Each structure stands twice: as structure tokens, then as C-alpha cells.
Amino acid sequence: MEYFIVCFAALVGSGLTLFSGFGLGTILVPVFALFFPIEIAIALTAIVHFLNNLFKLILVGRNADKSIVLRFGIPAVFSALLGAYLLTLLTYLKPLWQYSIGLRQLEIMPIKLVIAILIIAFVLFDYIPRFANLQFDKKYLVLGGFLSGFFGGISGNQGALRSAFLIKANLKKEVFIATGVVIACLIDVFRLTIYSKQILKLGSNLDFPLLLSATISFLCTVLIISIFAFLFFESIKLNL
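Residues numbered from 1 in each chain as written. Predicted model: local features only at pLDDT ≥ 70, side-chain atom pairs only at ≥ 80, totals over all residues. Heavy atoms only, no water.

Put simply, helix H7 (residues 141-155) and helix H8 (residues 159-166) touch, their axes get as near as 8 Å, and they point 170 degrees apart. Relative to H8, the element H7 is oriented roughly antiparallel. Taken together, the residues of H8 that come into contact with H7 (itself represented by Leu 141, Gly 144, Leu 147, Ser 148 and Phe 151) are Leu 161, Arg 162, Phe 165 and Leu 166. Its residues assigned to classes, the contact of H7 with H8 shows six nonpolar, two polar and one charged. (Axes fitted to C-alpha atoms, helices over the stretch in contact; angles between N-to-C directions. Helix = DSSP H or I, 4+ residues; strand = E, 2+ residues; numbered from the N terminus. Parallel < 35°, antiparallel > 145°, perpendicular 65-115°, else oblique. Contact = heavy atoms within 4.5 Å. Nonpolar A, V, L, I, M, F, W, Y, C, P; charged D, E, K, R; others polar.)

Laid out in C-alpha cells, this is it:
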């Protein structure tokens, strides 16, 4: 059952977020959290997120605006390290509250509470029109990079903020997508250097087939959509 749930989420997530450039972490982190501790779920999402973006980088990366990548990406990678490090600190904090339901002993952990609040916030950010259409002036790109990287590091949710800041940079659609992909890859690489310690602790207990299945589902969906998009645009050119 877990393979079906994760792969289905991967298929849907990759299709919905290929062109928007954000929303993947919001979709996949809760799904992985059903089967792994939340900090591991975020780390595994980062792996799939990076591999997915790496594939898109090969397809469209050449169209990225280098100046925007530098202005937005440099603060983003440093704040991603900060956010990822804060995530590891939250992992070791004691429960905030313990309670029981019937025979079950339950507890509220700081890390789960923080991530739950952030996921809810980013879901609202993604899907409430007032927030989804939020845009920031180009002069705030450095601040946008810092915020996007930080929240990407601590919770895996970075794309909505990144898009909100980049949308005012007056980029062509292909440049906008490519620039977002390059920045996302940079953030993923740096936060994975922190997450790797948590992943290595799992060792042989990590469900590699499940992770591989999710990654393949993403890549297959992206490849299929890319092929259809290419054929569609080629047919338009021929008709013109």
C-alpha cells in the first residue's frame, strides 16, 4: 500500500508542479511522513526533489538567468544550511506535551508541531488566491533568496516563496522556469549535506526501493509531459 500511495503522490506532484515550479514539497512531505519520522520524510523528499530538479535542469537549465541565480541563489544556499541545521536541532528536543487516548500513549514533539504549522501555512500560500498571487519587487531578490532557502532547509517548502519573488523579475516563461530550477537544485544540494547525517543513521533500515519508486515515478511523469509539450509546440510551429 505504501508503494501505491507514494508513487501516486509522486506522479500527481510532478505533473502539477512541473510548470509552476513549486508545490512538490507541500505534496510529498506529508506522504513520506506517513511512513518515516518527519525529519527523515523531509530528507527523503529533498532527495526526490533534487533528482527531479536535476532532470529538469538538463532539459531547461541553459535558459536560466545567471544574474538572478547569483542574486537569489547565494543567500538561499546559506540560509538553507541554517534552516536544515535548525531542523536537526528540533529533532532532539523533548516532547511539549504527553497524553493518552485509550491505551495509546501519545506526545506532541516540537519538530512535528513546527513542520505541521509550516505545511499548513504553505498550503494556504499555494492555494488561496490572495496569497498565490503575491508578488515582490525585484529589489527584494536577496531577501527572497534568504527566506526561500531557510524555509526550504527547515521544511522542504521553498518554491512558493521563490516564485513570488522571481515573478517580478520580468523573465520570459522559459527563463523563469529554468532559473527556478537552477536555484532549487542549489538549495537541495546544500540542505542535503545537513540531512545526510540523518539519512546515514538509518543505514539498512531505509526503504531504498520505496525511495527509488518515488523517484522513478517523478522522472517518468516529467519525461512524458516534456515529450508531449515538445510535440505540441513543434506542431504549432508547423501549422504556422
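As a further point, take the nonpolar core. Ranked by internal contacts, the top residues of the largest apolar core, which has 22 residues, are Ile 68, Phe 72, Leu 141, Leu 166, Leu 171 and Ile 183. Broken down by secondary-structure element, the contributors of at least two residues to this core are helix H4 (66-91), helix H5 (110-127), H8 and helix H9 (173-202). The element that contributes the greatest number of residues to this core is H9, accounting for six residues. For Ile 183, the residues in contact, after removing those within four places along its chain, are Ile 68, Val 69, Phe 72, Arg 162 and Leu 166. Core analysis: the next-biggest nonpolar cluster, separate from the first, contains 20 residues, Ala 43, Ile 119, Cys 185 and Leu 192 among them. (Core = buried A, V, L, I, M, F, W, Y, C linked by side-chain atoms within 4.5 Å. Buried < 20%, exposed > 50% of the residue type's maximum accessible area, 1.4 Å probe, protein only.)

Counting all residues, the mean pLDDT for the chain is 76, and 69% of those residues have values of 70 or more. Highest mean pLDDT in the chain belongs to H4 (91); lowest belongs to helix H10 (residues 208-239) (59). Contacts for the low-pLDDT stretch residues 236-240, under 50 throughout, to residues beyond four places or in other chains number zero contacts. (pLDDT = per-residue confidence, 0-100.)

This part covers empty space enclosed by the protein. Under the counting rule described, the total for this entry stands at two cavities of 30 Å³ or more. Around the second largest cavity, the lining residues are Glu 39, Ala 43, Leu 87, Thr 88, Thr 91, Tyr 195 and Gln 198. Listing elements by their share of the lining of the second largest cavity, those giving two or more residues are helix H3 (38-60), H4 and H9. Here the element with the most residues in the lining of the second largest cavity is H4; it accounts for three residues. (1 Å grid on protein atoms, 1.4 Å probe; cavity = no way out; pocket = protein on both sides within 12 Å on 5 of 7 lines; lining within 4 Å. Points joined across faces, edges and corners; volume = space filled by probe spheres on them.)

Further remarks concern the packing of aromatic side chains. Tallied over the full model, the rule gives two aromatic pairs. Relative to Phe 151, the ring of Phe 150 lies with its centre 5.4 Å away and its plane at 75 degrees, an arrangement referred to as edge-to-face. Overall, Phe 151 belongs to the partly exposed group, its relative accessible area being 21%. (Phe/Tyr/Trp six-rings, centres within 6.5 Å; stacked < 30°, edge-to-face > 60°.)

Attention now goes to the environment of Asp 137. Within the secondary structure, Asp 137 sits in the loop between helix H6 (129-132) and H7. Along the chain, Asp 137 and Lys 168 lie 31 residues apart, while their C-alpha atoms are 5.8 Å from each other.

Below, the discussion takes up the pattern of salt bridges. Summed over the entire model, instances satisfying the criterion amount to one salt bridge. For Arg 191, the salt bridge identified is with Asp 188, shortest N-O distance 2.8 Å. Separated by three residues within a single helix, Arg 191 and Asp 188 lie in helix H9, roughly one turn from each other. A residue is classified by how much of its surface remains accessible, and Arg 191, at 0% relative accessible area, is buried. (Salt bridge = Lys/Arg side-chain N within 4 Å of Asp/Glu carboxyl O.)

A word on H4. Given a rise of 1.5 Å per residue, 26 residues ought to cover 38 Å, and the 36 Å separating the end C-alpha atoms of H4 matches this to within 8%. The sharpest bend along H4 reaches about 35 degrees and sits at Gly 73, with the proline Pro 75 one to four residues further on. (Expected span 1.5 Å × (residues − 1). Bend = angle between axes of the 7 residues up to and from the residue.)

This brings us to unusual backbone geometry. Phi is positive for Asn 170, close to 55 degrees, though the residue is something other than glycine. With respect to the element layout, Asn 170 can be found in the loop between H8 and H9. Of the residues examined, Asn 170 reaches a relative accessible area of 73% and is grouped as exposed.

Moving on: the packing of H4 against H7. In the contact formed by H4 and H7, the axes pass within 6 Å of each other and the chain directions differ by 30 degrees. Relative to H7, the element H4 is oriented roughly parallel. Here H4 runs over H7; the crossing is right-handed. In terms of residue class, the contact of H4 with H7 is made up of 15 nonpolar, seven polar and one charged. (Left-handed = near helix turned anticlockwise from the far one by under 90°.)

Bringing the side chain of Thr 179 into the picture now. Among the secondary structure elements, Thr 179 is positioned in helix H9. Thr 179 gets classed as buried once you look at its relative accessible area, which sits at 0%. Thr 179 has contacts with Ala 64, Asp 65, Ile 68, Val 69, Leu 166 and Leu 171, leaving out every residue within four places of it along the chain.

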